[in-house]
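Survey of secondary and tertiary structure
Each chain, written out:
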Amino acid sequence: MSGIKLSICIPTYNREAYLRNSLTYCENDYRFDFPFEVVICDNASTDGTQQVVEEFISRGLPIRYYKRETNAGAAANVTSALRLGKGEYLIYLADDDILIADAVADTVLYLDNNPEVTCAHAPWFLYDEVAKTDIMKFYNVEEDRKFQRGSFGDVFQYLCERHIFPEIAIYRSSTLRSAWVPREFCFYPFAFFAHFLDQGAVTFLQRPFYRSIANSAITRDRPQEGTNDVMTSWDRYRGGLEYFLYTGVRRGALALTPETRLKYDEMCRIFTLNRMAVAFRFWAERKNFIKAYELYTRIMWGGMLDHPEIRAFRERLPLMVVIQTLVSEVNSAIGIDTLLLAGFSEIAVLEDLMRELGLNEKVRFTTELSDRALDSTAVFVTVDRDREYFVALGYLPNLVFHEHDLARHIIM
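Described below are features of the structure shown in this document. (Residues numbered from 1 in each chain as written. Predicted model: local features only at pLDDT ≥ 70, side-chain atom pairs only at ≥ 80, totals over all residues. Heavy atoms only, no water.)

A cluster of nonpolar side chains, Leu369, Tyr389 and Leu393, forms an exposed patch at the surface whose accessible area comes to about 280 Å². Mapping Leu369 onto the fold places it in the loop between strand 14 (364-366) and strand 15 (377-381). Relative accessible area serves as the criterion here: at 46%, Leu369 is assigned to the partly exposed category. (Patch = residues over 30% accessible without salt bridge, like charges linked within 9 Å, V, L, I, M, F, W, Y side chains within 5 Å. Areas by Shrake-Rupley, 256 points an atom, 1.4 Å probe, with all protein chains shown as cover. Salt bridge = Lys/Arg side-chain N within 4 Å of Asp/Glu carboxyl O. Helix = DSSP H or I, 4+ residues; strand = E, 2+ residues; numbered from the N terminus. Buried < 20%, exposed > 50% of the residue type's maximum accessible area, 1.4 Å probe, protein only.)

Let us look at the pairing of strand 4 (residues 89-92). Direction of pairing for strand 1 (residues 6-12) relative to strand 4: parallel, over a ladder of four bridges. Across the sheet, the residue bridging to Cys9 is Tyr92, located in strand 4. Here strand 4 runs beside strand 10 (residues 169-172); their pairing, made up of three bridges, is antiparallel. Within strand 10, the position partnered with Ile91 by the bridge is Ile170. (Pairing = 2+ DSSP bridges.)

Along the chain, Phe280 falls in helix 10 (residues 258-285). For the pair Phe280 and Ser58, spaced 222 residues apart in sequence, the C-alpha to C-alpha distance is 48 Å. Those residues in contact with Phe280, other than ones at most four positions away along the chain, are Ala292, Leu295, Tyr296, Ile299, Glu309, Ile310, Phe313 and Leu317. (Contact = heavy atoms within 4.5 Å.)

Moving on, we come to the packing of helix 11 (residues 289-301) against helix 13 (residues 317-332). The contact between helix 11 and helix 13 brings their axes to 8 Å, and the two run at 130 degrees. Our classification of the angle between helix 11 and helix 13 gives oblique. For the pair helix 11 and helix 13, the crossing hand works out as left-handed. Contacts from Phe289, Ile290, Tyr293 and Tyr296 in helix 11 reach Leu317, Met320, Val321, Gln324, Thr325 and Ser328 in helix 13. Its residues assigned to classes, the contact of helix 11 with helix 13 comprises seven nonpolar, three polar and no charged. (Axes fitted to C-alpha atoms, helices over the stretch in contact; angles between N-to-C directions. Parallel < 35°, antiparallel > 145°, perpendicular 65-115°, else oblique. Left-handed = near helix turned anticlockwise from the far one by under 90°. Nonpolar A, V, L, I, M, F, W, Y, C, P; charged D, E, K, R; others polar.)

The next thing to look at is the pattern of salt bridges. The full count for this structure, using the stated rule, is 24 salt bridges. Across the salt bridge formed by Asp96 and Arg15, the nearest N and O atoms sit 2.8 Å from each other. Taken together, the positions of Asp96 in the loop between strand 4 and strand 5 (98-99) and Arg15 in the loop between strand 1 and helix 1 (16-29) put the pair 81 residues apart, joining distant regions of the chain. An identical accessibility class is assigned to Asp96 and Arg15; each is buried. Residue Arg298 pairs with Asp235 through a salt bridge whose shortest N-O separation is 3.9 Å. Note that Arg298 is positioned in helix 11 and Asp235 in helix 9 (residues 234-250), a separation of 63 residues in sequence.

Moving on: the state of the cysteines. Counting across every chain of the model gives zero disulfides. Unpaired in this structure, Cys9 has its nearest cysteine sulfur neighbour in Cys41, at a distance of 7.8 Å. No disulfide involves Cys26; its nearest neighbouring cysteine sulfur is the one of Cys9, lying 11 Å away. Overall, Cys26 belongs to the buried group, its relative accessible area being 1%. (Disulfide = S-S within 2.5 Å.)

Below you can see the structure in the form of structure tokens.
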């Protein structure tokens, strides 16, 4: 045995400022009455990451540092960090997040006192590092809850009822050796969690021990690594739930009948639709209303006719999709450098909206006919009969748009 109780496993790549910040928390705030280490796996950084690490090593922080010669991708780097840890327990730490040290220590003590538990999960805080305040918890646990080995049905019910993503945990190293198998089509936290439950008890603790920094003191409004999953991975989430259920069935922990299959399929469907609704909000907040509408159709088909994530956008969604469709078509057509607006009264408002929704800055607006080459101009008309007028003048027929052309397939 190494004698190390806890390995804090940090994968990183070209993030020296964030890593310095994270290691500063390690140095100043992480006080444990047991031996711990920080395992850093560097995915071939070209910035000053190595110098930052060496600086903290020189000051006595117990770091083991590994650097690749070539970037192997994020998944391999996370796997490496977990595999290289020597501790009895391991915890993943993103290079821009922080731990709550006393809660980590309490969780380690819990695992010491409950040797049958393979991993201890807990909700995590979204944290405003500028204001030094917790924004919210990612999910809620009303009380500490232990599930015995193989209790797949109860755990699945628990995950779905609370909409839990089992991503933040402290893992027992002896179990992780066979549990950690990266998955791609099946969202890895659900698959990973199934492997732990297959080997022993699992626990959800009420008290968070992890802070995911939503507003960084290093860079304001930085992109979040997990945002892409939220916006695109609803089918992978469902895949992860199905992987979890498949494992339970094949281990004999779940009885699969036509009735139970329907029940579990419905639970997976509802979970997935809820994730799609969250993705809808993210796309709408990013002003990509075309993608938001695509999700809207699927959510409506799924039966969630008045989902709270959608309400705030429902009234203006059709107009936004119309304008953004026009913007997309004009941007896509080679050689179009002018957009002629015919018959509109609030020109300035329309121009501002189109720019906001992504119209290429090289495309100029006009309300007048000109001697410019007609095949370099798109036209947006308010009156349907004006379309024939502009086509007769020689404008390209498929680049003379009426609102009806753009709105007829937006069905609310």
